[in-house]
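# Secondary and tertiary structure notes
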Amino acid sequence: MSPHVVIVGCGPTGMNAAVEAERRGCKVTLIDEGSRPGGQIFRQSSIGSELRIGLPAELKRKAELLHRFDAVAERIDYRVNHTAYAAFAGPELHISSGQSSAILKPDVVLLATGVCERAIPFPGWTLPGVVYAGGAQALLKTQGIRIGERVVVAGAGPLPLAVAAQLSMAGARVVSVALLHPLRSILSHPYALWAGRKVVQEGWQYVNILRRNGVKILSRYVPLRADGEDHIDSIQLSQHDGTGRAVAGTEIRIGCDVLAINYGFTVHSELAAMAGTDLQYRAERGGWLPVVDRYCRTSVPGILAAGDGAGLRGAWVAQAEGRIAGAVAAGCYDQSKLSRIELELADSFRQRKIHESFQNAVQESLHLPAGVWSWADEGTIVCRCECVSKKRIEMAVEDGHTSLNGIKRNTRAGMGWCGGRMCLQNVAACAGLRSLPLDYQPVTPRPLARPVALAALREQQPL
Ligand SMILES: Cc1cc2nc3c(=O)[nH]c(=O)nc-3n(C[C@H](O)[C@H](O)[C@H](O)COP(=O)(O)OP(=O)(O)OC[C@H]3O[C@@H](n4cnc5c(N)ncnc54)[C@H](O)[C@@H]3O)c2cc1C
């Protein structure tokens with residue numbers, strides 16, 4: 001009998017996995033919170049007509065992938081606006097949509113859940129008008145909304161540049177981009193640059209667009225404070241000393257009504273954690289990651305993880321790994337089929353390797369030096385859901401709560417709606433647990449990884 005494969009996430013990883021598993025005769029169920037396929041990078045418009053945000057090469061890749069997926073979408077059980085809120089060994093997956101929920105017991109669950117953005121707290125970062133850079137991008141891609149009249153973008157890695165350029169191309173007035181590391185930070189890796197030359201080319205196109213549009217690019221700058229009464233009206237920036245600490249006397253103030261920030265990513269690993277898979281902590285790959293082998297298998301039989309959800313490595317790796325995971329899921333872990341998959345998908349294995357080596361170099365531009373934790377003052381909120389300040393976290397540590405679980409129980413940091421996805425890496429850093437070892441366990445997983453309506457739980461039916 002053909003196996004039933006449930007995939008969580010309809011980004012590049014999940015789409016390619018669905019295509020591959022369906023092609024191999026599986027019954028495929030694909031769950032995604034969004035209303036249209038695409039995930040983060042290939043997010044589609046929600047207002048009918050397609051909005052062409054991005055460079056021609058990226059838009060071409062998007063169109064090709066969506067076309068491939070559309071060809072199988074009708075033959076699979078594709079559930080839009082559905083959330084997977086719990087996962088257990090078995091495998092067993094709990095999903096909900098609005099006021100209904102269901103329990104799925106397939107042969108294989110593939111977690112292709114991607115990442116969410118990360119901010120570093122600093123005074124004023126919770127003011128209205130301070131947004132995540134990817135959030136500003138999502139508004140543009142889904143609804144064509146150009147956020148703000150005067151925009152400053154700040155952060156680390158490639159996303160701030162891409163978002164600033166996309167906003168600028170759409171006609172927004174981007175006044176400045178403030179980067180933590182200099183642009184040339186990945187130029188010292190020639191092999192990696194060659195491996196990722198197509199991505200590098202797109203990156204330089206974005207930089208040129210910014211230069212052409214008169215956007216000032218500031219390197220080695222950090223935010224000191226966002227000011228404003230009930231909305232940001234200016235951002236104070238400063239140069240840093242190489243360790244992330246502000247250098248006195250280098251402060252500048254820029255008037256703006258939007259500050260878009262991105263200082264990296266956090267992997268959506270809460271379902272993997274709940275199912276009991278082994279995890280490891282890798283800051284540059286997005287925090288706590290499910291440990292996977294070459295075939296995307298976690299330590300729990302029947303549960304696979306792939307793409308950014310198994311560690312941030314970008315869209316090219318996601319597409320290649322999606323195919324691999326789809327094929328492995330279809331083979332239902334049968335050891336004898338793995339060598340055939342190696343042969344059949346040799347190109348996907350090769351592409352994954354090439355782009356992983358490029359991403360290893362890119363990740364240096366996401367490195368957060370220790371001084372970034374000096375940006376927050378005592379009163380700065382670190383956990384937004386539960387309004388927990390940096391001072392409160394430090395007090396918990398002084399009182400002897402030195403594990404993340406202990407700090408969470410004592411302060412409520414990480415207990416809110418986001419389940420700690422947005423804050424727990426920062427809570428750990430502010431608590432001085434910065435250099436976490438690879439086997440450092442995250443907080444104990446909660447039974448609900450995502451908010452779910454009580455009415456939905458009441459009516460829960462096994463499918
Ligand atoms: C905000 C943001 C913006 C980005 N912009 C760019 C960019 O401009 N250029 C670029 O090269 N890269 C960008 N990236 C990185 C790029 O999107 C990823 O490398 C790539 O999309 C990874 O593909 P994926 O399929 O693994 O994950 P994603 O594309 O992130 O897809 C994951 C999917 O899983 C769904 N999901 C997650 N959890 C659940 C759940 N519990 N239940 C149901 N559904 C769930 C999400 O809705 C999403 O559709 C961005 C990343 C983020 C977070």
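Residues numbered from 1 in each chain as written. Predicted model: local features only at pLDDT ≥ 70, side-chain atom pairs only at ≥ 80, totals over all residues. Heavy atoms only, no water.

## Topic: the pattern of salt bridges
Here the structure, examined in full by the defined rule, presents 24 salt bridges. The partner of Arg 24 in a salt bridge is Glu 344, with the nearest N and O atoms 2.8 Å apart. Linking Arg 24 in the loop between α1 (12–23) and β2 (27–31) with Glu 344 in helix α9 (residues 335–344), this pair joins segments that are 320 residues apart in sequence. Residue classification places Glu 344 among the partly exposed positions, given a relative accessible area of 43%. Residue Glu 342 is joined to Arg 294 by a salt bridge in which the shortest nitrogen-to-oxygen separation is 2.7 Å. Pair noted here: Glu 342 is in helix α9 and Arg 294 is in the loop between β19 (287–290) and β20 (303–305), with a separation of 48 residues, a long-range link. Each of the salt bridges in this network shares a partner with another, and the network as a whole consists of Glu 20, Arg 23, Arg 24, Arg 323, Arg 340 and Glu 344. (Salt bridge = Lys/Arg side-chain N within 4 Å of Asp/Glu carboxyl O. Helix = DSSP H or I, 4+ residues; strand = E, 2+ residues; numbered from the N terminus. Buried < 20%, exposed > 50% of the residue type's maximum accessible area, 1.4 Å probe, protein only.)

## Overview of the pairing of strand β18 (residues 279–282)
Judged by which residues are buried, β18 turns out to be one-sided: Leu 279 and Tyr 281 face inward and are buried, whereas Gln 280 and Arg 282, on the alternate face, are not. Note that β18 and β19 share four bridges and pair antiparallel. Among the inter-strand pairings, Tyr 281 is bridged to a residue of β19, identified as Trp 288. Remark: four residues form the turn of the hairpin made by β18 and β19, two consecutive strands paired antiparallel; Gly 286 in that turn has positive phi of roughly 110°. (Pairing = 2+ DSSP bridges.)

## Regarding the site of the ligand
In the region of the ligand, 31 residues are neighbours, and Thr 13, Asp 32, Ala 84, Gln 137 and Asp 308 sit closest. Note that a nitrogen atom of the ligand is positioned 3.2 Å from one of the backbone N or O atoms of Glu 33. Residue Ile 41 places a main-chain N or O atom 3.2 Å away from an oxygen atom belonging to the ligand. Calculation on the ligand without its partners gives an accessible area of 970 Å², and the protein chains cover 90% of this total. At the level of elements, α1, β4 (83–88), β8 (115–117), α3 (133–143) and α8 (314–330) are the ones that each hand at least two residues to the shell around the ligand. (Near = heavy atom within 4 Å. Polar contact = N/O pair within 3.5 Å; in protein donor to acceptor, adjacent residues only side chain to side chain. Areas by Shrake-Rupley, 256 points an atom, 1.4 Å probe, with all protein chains shown as cover.)

## Observations concerning the domain arrangement of the protein
Entries for the protein in the domain assignment read domain 1 (4–116 + 266–344), domain 2 (119–263) and domain 3 (376–430). Here domain 2 and domain 3 have C-alpha centroids that lie 26 Å from each other. Taken together, the contact between domain 2 and domain 3 spans eight residues of the former and eight residues of the latter. With both chains or domains summed, domain 2 and domain 3 bury close to 710 Å², and 56% of this area falls on carbon and sulfur atoms. In terms of surface lost to domain 3, no three residues of domain 2 exceed Pro 121, Trp 125 and Thr 126, which account for 58% of the buried area on that side. Linking domain 2 with domain 3 are zero salt bridges. Here domain 2 is connected to domain 3 by three residue pairs in polar contact (both at pLDDT 80 or more). Taken together, the residues that form the side of domain 2 that touches domain 3 break down as seven nonpolar, one polar and no charged. (Domains from an automatic or database assignment. Contact = heavy atoms within 4.5 Å. Buried area = accessible area lost by both parts, 1.4 Å probe. Nonpolar A, V, L, I, M, F, W, Y, C, P; charged D, E, K, R; others polar.)

## Looking at the environment of Glu 386
Along the chain, the position of Glu 386 falls in the loop between β21 (381–383) and β22 (388–389). Here the alpha-carbon distance between Glu 386 and Leu 345, two residues 41 residues apart in the chain, equals 46 Å. For Glu 386, the residues in contact, after removing those within four places along its chain, are Arg 412, Met 415 and Gly 416. Side-chain polar atoms of Glu 386 contact the side chain of Arg 412, separated by 2.9 Å.

## Points about unusual backbone geometry
The step from Gly 90 to Pro 91 runs through a cis peptide bond, and the omega angle for that step is -5°. With respect to the helices, strands and loops of the structure, Pro 91 is situated in the loop between β4 and β5 (92–97). One non-glycine residue, Asn 81, lies in positive phi territory at about 55°. Despite not being glycine, Cys 296 shows a phi value in the positive range, around 70°.

## Description of helix α12 (residues 404–411)
Residues of α12 that are buried include every one of Leu 404, Gly 406, Ile 407, Lys 408 and Thr 411, and no others. Among the structural elements, β19, β22, α11 (390–398) and α13 (424–430) are those in contact with the buried residues of α12. Just beyond α12, the residue with positive phi is Arg 412, at close to 75°.

## Quick look at the side chain of Ser 389
Mapped onto the secondary structure, Ser 389 falls in strand β22. Accessibility expressed as a relative area gives 15% for Ser 389, which makes it buried. Polar side-chain contacts of Ser 389 include one of 3.1 Å to the backbone nitrogen of Arg 392. Discounting chain neighbours no more than four positions away, the residues touching Ser 389 are Glu 378, Gly 379, Thr 380, Ile 381 and Val 382.

## Things to note about the sheet that holds strand β13 (residues 221–227)
The strand order β13-β14-β15 describes an open sheet built from three strands, whose pairing is antiparallel. The sheet terminates laterally at β13 and β15 (252–255), the two strands that pair on one side only. The sheet shows a mean angle of 30° between the axes of neighbouring strands, direction not considered. In the sheet, β13 pairs with strand β14 (residues 234–239) via six bridges, with the strands oriented antiparallel. If you follow Val 222 over to β14, its bridge partner there is Ser 238. (Axes fitted to C-alpha atoms, helices over the stretch in contact; angles between N-to-C directions.)

## Structural notes on the side chain of His 268
Within the element layout of this structure, His 268 appears in the loop between β17 (265–267) and α7 (270–274). Within the local environment of His 268, its side chain forms a polar contact with the backbone oxygen of Thr 113, the two atoms lying 2.8 Å apart.

## Re the packing of α3 against helix α4 (residues 159–169)
Axis separation between α3 and α4 bottoms out at 9 Å; the angle between their running directions is 35°. Crossing handedness for the pair α3 and α4: left-handed. In this structure, α3 contributes Ala 133, Gly 134, Ala 136, Gln 137, Leu 140 and Lys 141 to the contact, and α4 contributes Leu 159, Val 163, Gln 166 and Leu 167. Taken together, the residues that form the contact of α3 with α4 break down as six nonpolar, three polar and one charged. (Left-handed = near helix turned anticlockwise from the far one by under 90°.)

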